[in-house]
Amino acid sequence: ASIKGNLEKTLFYFDLILEQKLEPDQFCFNSVVTTFSKSGDAEGAKRWLAKMREHNVCPDDISYKVAFRCQPVEVFNPTTFDSVGKADFKTDSCEI
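The shown structure was predicted, so the numbers you read here are calculated from the model rather than taken from an experiment.

**A short note on the packing of helix 2 (residues 26-38) against helix 3 (residues 42-54)**
Between helix 2 and helix 3, whose axes approach to 8 Å, the crossing angle comes to 165 degrees. One finds that helix 2 runs roughly antiparallel with respect to helix 3. In the packing of helix 2 onto helix 3, the handedness of the crossing is right-handed. Contacts between helix 2 and helix 3 involve Gln26, Phe29, Asn30, Val32, Val33, Phe36 and Ser37 from the former and Gly44, Ala45, Arg47, Trp48, Leu49, Lys51 and Met52 from the latter. Grouping the constituent residues of the contact of helix 2 with helix 3 by class yields eight nonpolar, four polar and two charged.

Structure, rendered in structure tokens:
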């Protein structure tokens, strides 16, 4: 679903995982982040990086790469990364 950038379908499957009382992993979250990115929604992708942490899932390099893929190079602002950067996500339960 995320390859086609289909937000509705991707979120449906993510919700299904939660409804089944399963714990979403990095792959699940990265699929959602990728979908938002492919849809051109950088803010949505960043929100899902934060949601990963809420579920005690550590964003990895892929998470960050796909989250910022949708931002044009001339518009990319390094402080955008800092606002959701790895330093913000360090906790005792997550070593990045």
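After that view, the rundown keeps rolling.
**A word on the environment of Pro24**
Considering the arrangement of structural elements, one finds Pro24 in the loop between helix 1 (7-19) and helix 2. Aside from chain neighbours lying at most four places away, what touches Pro24 is Phe14, Ile17, Leu18, Phe29, His55 and Val57.

**Details of a nonpolar patch on the surface**
On the surface, a nonpolar cluster with roughly 300 Å² of combined accessible area is contributed by Phe12, Tyr13 and Leu16. Within the element layout of this structure, Leu16 appears in helix 1.

**Some points on the packing of aromatic side chains**
Describing an aromatic ring pair means giving the distance of the ring centres and the angle of the ring planes. Following the criterion strictly, the structure yields five aromatic pairs and no others. Taken together, a centroid distance of 5.0 Å and an interplanar angle of 65 degrees make the contact between Phe14 and Phe29 edge-to-face. Placement of Phe14 in helix 1 and of Phe29 in helix 2 is noted, with a sequence separation of 15 residues between them. Considering the side-chain rings of Phe14 and Trp48, the 5.0 Å spacing of their centres and the 85 degrees angle between planes classify their relative orientation as edge-to-face. Pair noted here: Phe14 is in helix 1 and Trp48 is in helix 3, with a separation of 34 residues, a long-range link. Phe14 sits in the buried class, given a relative accessible area of 4%. A relative accessible area of 8% places Trp48 in the buried class. Among the aromatic residues, those joined into a cluster by ring pairs are Phe14, Phe29, Phe36 and Trp48. The cationic tip of Lys51 hangs over the ring face of Trp48; the distance from NZ or CZ to the ring centre is 4.4 Å.

**Structural notes on the side chain of Lys46**
Within the fold, Lys46 resides in helix 3. Look at Lys46 and you get buried, because its relative accessible area is 13%. Polar side-chain contacts of Lys46 include one of 3.2 Å to the side chain of Glu43.

**Focus on the confidence of the model for the protein**
One rule of thumb: low pLDDT means the predicted coordinates there are not for detailed reading. The pLDDT averaged across the protein works out to 78; a share of 67% of its residues lies at or above 70. When pLDDT is averaged over each element of the protein, helix 1 comes out on top at 94 and helix 5 (residues 78-83) at the bottom at 51. Contacts for the low-pLDDT stretch residues 85-93, under 50 throughout, to residues beyond four places or in other chains number 20 contacts.

Scoring rules and cut-offs
Residues numbered from 1 in each chain as written. Predicted model: local features only at pLDDT ≥ 70, side-chain atom pairs only at ≥ 80, totals over all residues. Heavy atoms only, no water. Axes fitted to C-alpha atoms, helices over the stretch in contact; angles between N-to-C directions. Helix = DSSP H or I, 4+ residues; strand = E, 2+ residues; numbered from the N terminus. Parallel < 35°, antiparallel > 145°, perpendicular 65-115°, else oblique. Left-handed = near helix turned anticlockwise from the far one by under 90°. Contact = heavy atoms within 4.5 Å. Nonpolar A, V, L, I, M, F, W, Y, C, P; charged D, E, K, R; others polar. Patch = residues over 30% accessible without salt bridge, like charges linked within 9 Å, V, L, I, M, F, W, Y side chains within 5 Å. Areas by Shrake-Rupley, 256 points an atom, 1.4 Å probe, with all protein chains shown as cover. Salt bridge = Lys/Arg side-chain N within 4 Å of Asp/Glu carboxyl O. Phe/Tyr/Trp six-rings, centres within 6.5 Å; stacked < 30°, edge-to-face > 60°. Buried < 20%, exposed > 50% of the residue type's maximum accessible area, 1.4 Å probe, protein only. Lys NZ or Arg CZ within 6 Å of the ring centre and 35° of its normal. Polar contact = N/O pair within 3.5 Å; in protein donor to acceptor, adjacent residues only side chain to side chain. pLDDT = per-residue confidence, 0-100.

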